[in-house]
Structure formats: C-alpha cells, structure tokens
Amino acid sequence: MEDLNLKTEFKFLLIIAVAAILVYAFSLIGNFVYDDSRQILENPLIQNSGLYVKALTSDVWAFKGDGSIAASNYWRPTFTALNIVCFGVFGASPFGWHLVNLVLHVGVCLLGFIFLRRIGLGPVTACLASVFFAVHPVHTESVAWVAGSPDLLLGIGVLGSLIFANREFCSGGKPSYGNIAASLVLFAFALGSKEVALLCLPLFFFLWRYRREQNGKAGSFGVLFAAAAVLGVIYFAARWYILGAVSRPAENAADLTQTLLSIPAVLAFYLKQAILPVTLATNYPLRAVTEIGLGNFILPLFVVLAVAAVIIRLWRKASYWPILIGLAVLPLLPALNIGAFIPEQIVHDRYLYLPLLGAAAAIAIFVDHILRRWLGDRATVALVVVFSIAAVALGLKTVTYSRTWGDEISLWKNAVAVDERSAFNWSQLGAALASSGAMAESIEAYDRSISIEPTPIALMGRARGYIAAGRFDDAIRDAGTVTKTPLENINAFTLFQGYETLGLAYDRAGNAAAAEATFREGRRVLPIYSATLTEKLAVVLYMQGRKQEALNELVGVREQAGREMLGDSKAVYFRLGLLYAELGNNAEARRNFQDFLAATETNRSTAIVAYRKQAASALSKLK
C-alpha cells in the first residue's frame with residue numbers, strides 16, 4: 001500500500017474542497033424548502049430541551065402527533081441530534097443550516113479521497129474521482145436541502161469507519177483497540193444517520209480480505225466485524241421497538257411482481273443519473289412496470305446485464321474492486337424495493353449519494369486504463385484534461401440546479417416541468433403558491449393534481465384555497481371528502497388537517513353548529529389531536545356566546561395541550577388566558593399567558609407569533 005502523507009497531498013485535498021465549495025456555494029442563500037419548515041420551524045422536539053430525549057428516541061416525524069405513535073419509517077438519532085445542535089446555534093436562520101450541510105459534504109469528499117488513497121488508488125486518480133463526486137449535480141438534493149443531511153452524515157460515518165478499520169487491518173499485529181473503537185463509534189454514527197448503513201457491513205469483510213491479499217496477513221477482523229454486527233443488531237432491534245414495525249407499506253405501492261419487473265428500469269435510471277445527469281428534479285416520471293415493454297423492461301434489462309457482466313469481471317480481478325463495487329451497490333439496494341415508496345416517487349437522486357463515490361472511482365480507473373493503452377506516459381495529462389472538462393460541465397449543472405432548491409416555488413415548478421403527470425408535484429406547487437399568496441394559481445395547481453389523482457392532501461389544500469377565495473361550499477365538499485376517508489387509508493395528520501379545514505369552512509360559511517359537530521367528531525376519531533381541535537371548538541363556542549362551555553372545554557384539554565407537539569395545541573393556554581382575563585380571574589389568566597409564552601418561545605408560525613404579541617400585551621396589563 002502506498003503510504004498516505006496528508007502534508008504532501010494537501011494540494012489534492014485543497015482542490016477537492018474548493019471544487020465542492022464553489023459549485024454548492026449558491027445553496028447557502030437558499031431558504032427552507034420541502035420538509036425543512038416542518039422539521040425545523042414546527043418541530044418542538046428539537047427546540048425544547050425538555051424534549052431532547054424524546055426526540056432522540058422517536059421517529060423523525062413524531063412531532064406531527066403527540067409522540068405516542070410513530071409517524072414514519074425513519075428513526076435517525078444522529079440526524080435528530082444534528083438538528084438539535086443546529087437549532088440551538090442557528091435557530092430559524094437558513095444560512096447556518098445550509099452552511100453545515102456544505103461543510104458535511106466537503107468532509108465526505110475529503111474522506112472519500114483519503115479512503116481511495118488508503119485502498120491503493122494513485123493520488124491523481126483518487127483526486128479526480130473525488131472531484132467528480134464533489135461537483136456532481138445529483139448531490140444537490142442532499143446538500144442544498146437541509147433535510148437531505150442524513151446522506152451526508154451517512155457518508156461521514158461509513159467512510160470514517162472504513163478508514164479506521166483499514167488502519168487496524170494494516171497493523172498485522174495485536175489488535176489496536178483505539179482503531180477498533182473509533183471504527184465502531186463511526187459505524188454507530190452511520191447507523192443513526194440512515195438505515196442503509198446496516199447493508200454496508202460487508203464492506204468491512206471486503207476491506208479485510210483485500211488487506212490480507214496485499215500483505216499476507218491482516219489485523220483483527222473478527223473482533224471488529226463481530227462488534228459492528230452486534231451494533232447493527234442492537235440498532236435494528238431499537239428501531240423496531242421505537243417504530244413498532246420493521247417498515248410500514250406506502251399507500252398504493254407496487255406489489256412484488258411490479259417491484260421485480262421495475263428493477264432493471266430503476267437501475268438503468270441510476271446509471272444514467274451517475275453518468276449523464278441531464279434532467280434533475282425532486283421526482284421523476286418513472287413508474288412501476290405493470291406490463292413488459294421494450295422501453296420499460298427489455299432495453300433497461302439489456303443495459304443492466306451488460307453492466308453486471310463488467311462488474312463480475314472486475315470482481316474476479318479482486319484487488320480493491322470488491323470494495324468499490326460494494327460501495328457503489330450496497331447502499332443502493334434498498335432503493336430497488338420500490339414497494340416501500342409511493343407510486344410517483346420510486347426514484348430519488350439522494351439515493352446515489354454514497355454509491356456515487358464507488359462509481360466515480362471505477363470510472364476514473366477505467367478511463368485511466370483506456371488512456372494508458374492509447375497514450376502511454378501521456379495518459380496522466382489526458383486523464384486530468386478529460387476529468388477537468390467533465391467536472392466543469394457537471395459543476396455548471398450543479399450551480400444551476402442548486403438555485404432551483406432556493407425557494408419552494410422554483411423547486412416545484414421545476415418538478416412539474418419534469419414530471420407533469422405527478423399529482424404529488426402539482427399538490428406541492430399548490431401549497432407553495434398558497435404560501436406566497438397566489439391563491440388563484442394555487443387552486444389551479446391543485447386542480448391539476450386532483451385531475452391526476454384526488455389525494456387527501458390535494459383536496460385539503462384546495463379546500464383551504466377555496467376558503468380564502470370565499471367559495472365555502474366548494475371548500476366543504478373537498479374537506480368533507482377528506483374526513484370521510486377511513487383512518488387506515490390516510491395519514492393521521494392529514495385527516496386531522498381535513499377536520500380542521502372542514503370546521504373552518506363551516507364556521508366561515510356561518511354554520512356554527514356544523515363547525516362544532518366537525519371539531520367534536522375530529523376529537524373522537526383522532527384523540528391525539530384533541531387539544532388542537534378543542535382550541536378550534538372553543539373559538540366557535542365563544543363566538544356563539546357560550547363562554548363557560550368554551551372555558552370548560554379548554555380546561556379539560558389543558559394537560560393534553562402540554563403533550564401534543566403541534567404548535568397550535570399551545571393556543572389552548574392563550575385562549576384560557578383570554579377567557580380568564582375576561583372573567584376577572586387574573587391569577588389564572590397570568591398563569592396561562594405565561595405558560596403560552598414559555599411553550600411557544602421558539603415557534604415561528606405566523607398565527608402563534610401574533611398570539612404571542614397579544615399575550616405579552618395582555619400580561620403586561622395584568623401586572
């Protein structure tokens with residue numbers, strides 16, 4: 001093994017870091033988009049120090065309810081811990097969050113270079129592969145999107161763990177427990193970042209076998225691998241316990257036959273994105289294969305079999321090839337199980353993040369081999385020229401695409417341009433337009449979404465647009481359709497939003513009795529949202545002059561309001577403060593206003609911010 005001296009190879013590390021920073025610098029001026037606002041600005045689990053333990057022992061979407069049930073398939077404590085730290089440091093400022101993502105990406109790129117050098121790639125080849133990886137536009141989803149950081153954390157954990165494992169395997173003597181401990185800590189870090197780290201376990205074996213082939217012996221594989229496997233089992237068991245299931249199926253997902261038939265097309269898509277990323281978007285017009293055809297199965301299968309033949313040939317050459325192939329393939333395997341994804345989202349660029357490093361190294365080695373056969377000693381210069389041209393082209397694409405992730409409307413306009421048959425894309429565009437105040441355009445986007453598939457989210461979103469436009473009958477129709485959806489066929493949070501929207505529509509239409517009945521029914525069906533719905537109910541009762549009933553309802557859910565994670569649930573304290581102040585009970589009014597201000601200190605919701613100003617003003621008058 002050629003020794004790696006960071007001092008002599010600092011220039012390569014600098015080139016890689018500068019390349020990554022240059023192409024992703026525009027992401028620093030981006031806003032929170034897609035899931036960011038909810039997971040950061042509306043997530044008390046990462047904002048309230050008293051909830052940190054719950055945050056680390058719950059799924060990442062637990063804040064959408066009262067924390068008593070899992071709301072997703074994702075338990076990622078490393079990702080959650082990062083969010084806790086970032087919110088503590090940067091609060092609601094997007095710049096700091098984007099800066100952390102960029103630093104993490106640079107870190108992965110540098111670790112990638114170090115790892116490739118450790119397994120025997122020459123400095124120029126390793127550098128060019130790392131630059132190719134650093135500037136590639138498919139990473140935009142992971143780098144420019146704050147919620148994409150699990151891919152970056154996974155890369156740090158896996159590559160760091162393998163680097164320390166390599167040091168141990170190169171020792172050839174007594175076990176170095178420092179190297180073993182560092183490798184295991186980083187592997188645990190990777191497990192907490194993303195579930196696919198479990199599938200990276202074979203990389204330790206491939207690395208150990210390579211070292212044994214190179215040196216005739218290798219360090220303590222058994223101790224490290226056994227400990228890593230135990231960590232994997234512990235993580236899997238903890239995840240199962242916390243989520244209550246190994247995995248929850250997606251709505252209307254592909255069945256087993258469709259999944260198997262779709263594997264060639266999915267693999268061909270990822271191959272194309274790795275080599276020729278012309279089209280980039282959050283979602284793509286690839287759907288599950290239901291009938292075998294030339295374009296959706298036969299041609300992709302031919303491409304995949306051809307690549308598989310090359311992979312088998314390289315595998316048989318041994319050396320570092322099983323490691324690179326494993327790095328390119330193992331983290332991508334879960335992405336082939338399209339039965340775990342909703343039908344319109346069976347492929348994503350972010351699934352290529354770590355696999356692309358193995359692919360980039362393989363491409364660099366292959367091009368270098370071809371050029372050496374043609375050009376001999378001049379091959380190195382030619383290799384640098386070829387990869388520099390490729391890096392510039394990829395980098396320019398990245399710069400352009402990272403701007404798309406700067407705001408919600410740009411993101412989803414690009415998405416519908418790439419896949420105009422996606423109900424989800426149109427629904428997301430509708431939500432983005434509504435947030436910007438473009439209600440007419442928002443309703444049109446929701447119309448497009450519903451014409452493709454009348455999903456509850458789109459119906460609920462359009463209903464809110466109708467309320468803003470004063471079309472209350474239309475809003476009642478759409479929201480009513482959502483509330484009639486059986487709970488087993490709809491996300492609980494979406495159903496809650498349906499009841500909330502329907503009650504609001506009835507109230508705005510002047511039908512207080514129907515609004516009251518709606519909120520009461522919502523409480524019965526969704527007890528985990530009882531405090532939030534009761535706050536809406538209390539407003540309806542108060543406006544009818546039923547102040548004592550409103551007070552009784554709010555008092556009855558005051559304790560529940562402390563458990564519910566939604567920011568609106570804390571409005572129970574605010575309403576109680578107003579009612580008690582009106583009834584002359586200043587002591588209780590003060591207590592509730594103080595509790596409200598304490599519970600919403602980090603909340604950035606427009607409504608809650610307005611309530612806070614009103615509560616602070618009322619509190620000052622009570623003193």
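Throughout what follows, the structure given in this document is the object of discussion.

Conventions adopted
Residues numbered from 1 in each chain as written. Predicted model: local features only at pLDDT ≥ 70, side-chain atom pairs only at ≥ 80, totals over all residues. Heavy atoms only, no water. Helix = DSSP H or I, 4+ residues; strand = E, 2+ residues; numbered from the N terminus. Rg over C-alpha atoms; globule rule 2.2 N^0.38 Å. Buried < 20%, exposed > 50% of the residue type's maximum accessible area, 1.4 Å probe, protein only. Phe/Tyr/Trp six-rings, centres within 6.5 Å; stacked < 30°, edge-to-face > 60°. Axes fitted to C-alpha atoms, helices over the stretch in contact; angles between N-to-C directions. Left-handed = near helix turned anticlockwise from the far one by under 90°. Contact = heavy atoms within 4.5 Å. Nonpolar A, V, L, I, M, F, W, Y, C, P; charged D, E, K, R; others polar. Patch = residues over 30% accessible without salt bridge, like charges linked within 9 Å, V, L, I, M, F, W, Y side chains within 5 Å. Areas by Shrake-Rupley, 256 points an atom, 1.4 Å probe, with all protein chains shown as cover. Salt bridge = Lys/Arg side-chain N within 4 Å of Asp/Glu carboxyl O. Lys, Arg positive; Asp, Glu negative; His and termini not counted. Polar contact = N/O pair within 3.5 Å; in protein donor to acceptor, adjacent residues only side chain to side chain. Core = buried A, V, L, I, M, F, W, Y, C linked by side-chain atoms within 4.5 Å. Expected span 1.5 Å × (residues − 1). Parallel < 35°, antiparallel > 145°, perpendicular 65-115°, else oblique.

### Quick word on the overall build of the protein
Point 1. Counting secondary structure elements, the protein contains 30 helices and zero strands.
Point 2. Against the 2.2 N^0.38 benchmark of 25 Å for 623 residues, the protein shows a C-alpha radius of gyration of 27 Å, consistent with a compact globule.
Point 3. Overall, the protein is about 90 × 55 × 40 Å in size when its C-alpha atoms are taken along their principal axes.
Point 4. Within the protein, the proportion of its 623 residues that are buried is 54%.

### Observations concerning unusual backbone geometry
Point 1. The phi dihedral of Y34 is positive, around 60°, even though this residue is not glycine.
Point 2. Within the fold, Y34 resides in the loop between α1 (10-24) and α2 (36-41).

### Concerning the packing of aromatic side chains
Point 1. If you walk through the whole model with that rule in mind, you get 31 aromatic pairs.
Point 2. Between W145 and W405, the ring centres sit 5.7 Å apart and the planes meet at 35°, which makes this aromatic pair tilted. Taken together, the positions of W145 in the loop between α8 (140-143) and α9 (149-171) and W405 in the loop between α17 (379-404) and α18 (408-418) put the pair 260 residues apart, joining distant regions of the chain. Accessibility assignment for this pair places W145 and W405 in one class, buried.
Point 3. Seen in terms of ring centroids, W412 and F424 are 5.8 Å apart; in terms of plane orientation they differ by 75°. Their pairing is edge-to-face. With a gap of 12 residues between them, W412 in helix α18 and F424 in helix α19 (residues 423-435) connect regions that are remote in the sequence.
Point 4. Classification of W412 by relative accessible area gives buried; the value is 0%.
Point 5. Among the aromatic residues, those joined into a cluster by ring pairs are F169, F205, F206, W208, F221, F225 and W315.

### Here's the deal with the packing of helix α28 (residues 571-582) against helix α30 (residues 606-622)
Between two packed helices, both the angle of their axes relative to each other and the distance between the axes serve to describe the pair.
Point 1. Relative to each other, α28 and α30 sit at 35°, their axes nearing to 11 Å. Viewed along their axes, α28 and α30 form a crossing whose handedness is left-handed. Across the interface between the two elements, A571, F574, R575 and L578 from α28 touch Y611, Q614 and A615 from α30.
Point 2. Across the contact of α28 with α30, the residue classes tally to five nonpolar, one polar and one charged.

### Some words on a nonpolar patch on the surface
Point 1. A surface patch of nonpolar side chains, about 390 Å² in accessible area, is lined by F10, L14, V18 and L22.
Point 2. Within the element layout of this structure, F10 appears in helix α1.

### Some thoughts on the side chain of R211
Point 1. Along the chain, the position of R211 falls in helix α11 (residues 202-215).
Point 2. Among buried charged residues, R211 stands out as having no salt bridge; its nearest opposite-charge side chain is E213, 9.0 Å away.
Point 3. There is a polar contact of 2.4 Å between the side chain of R211 and the backbone oxygen of R118.

### Details of the nonpolar core
Most often, soluble globular proteins keep nonpolar side chains buried together rather than apart.
Point 1. By size, the foremost hydrophobic cluster in this structure holds 141 residues, and its most contacted members are L116, I119, F204 and Y270.
Point 2. Here this core gets 12 residues from one element, more than from any other, and that element is helix α6 (residues 94-118).
Point 3. Aside from chain neighbours lying at most four places away, what touches F204 is S161, L162, A165, F169, S183, F187, F221, L224, F225 and A228.
Point 4. Ranked by size, the runner-up nonpolar core spans 44 residues in total, among them L459, M460, V482 and L579.

### Considerations on helix α22 (residues 472-483)
Point 1. In this model, α22 (12 residues) spans 16 Å end to end at C-alpha, consistent with the 16 Å of a helix rising 1.5 Å per residue.
Point 2. All of the buried residues along α22 are D474, A475, I476, D478, A479, G480, V482 and T483.
Point 3. Buried residues along α22 sit against α21 (456-468) and α23 (492-508).

### Looking at the packing of helix α10 (residues 177-193) against helix α12 (residues 221-243)
Point 1. At their nearest, the axes of α10 and α12 sit 10 Å apart, and the two run at 25° to each other. Between α10 and α12, the crossing angle belongs to the class labelled roughly parallel. Our pair here, α10 against α12, has a crossing hand that is right-handed. Facing I180, S183, L184, F187, A188 and L191 of α10, the residues of α12 in contact are V223, L224, A227, A228, L231, G232 and Y235.
Point 2. Grouping the amino acids of the contact of α10 with α12 by side-chain chemistry returns 11 nonpolar, two polar and no charged.

### A word on the environment of Q345
Point 1. Position of Q345 among the secondary structure elements: in the loop between α15 (321-329) and α16 (355-375).
Point 2. The buried category is assigned to Q345, whose relative accessible area is 11%.
Point 3. Sequence spacing of Q345 and R604 is 259 residues, and the spatial spacing of their C-alpha atoms is 30 Å.
Point 4. Those residues in contact with Q345, other than ones at most four positions away along the chain, are Y34, N283 and F424.

### Some points on α11
For an α-helix, 3.6 residues make a turn, and residues three or four places apart therefore share a direction.
Point 1. Over its 14 residues, α11 extends 20 Å from the first C-alpha to the last, a length consistent with the 20 Å expected when each residue adds 1.5 Å.
Point 2. For α11, the full list of buried residues reads L203, F204, F206, L207, W208, Y210 and R211.
Point 3. In this structure, the buried residues of α11 make contact with α6, α9, α10, α12, α14 (294-316) and α15.
Point 4. Residue G216 follows α11 closely and has a positive phi angle near 80°.

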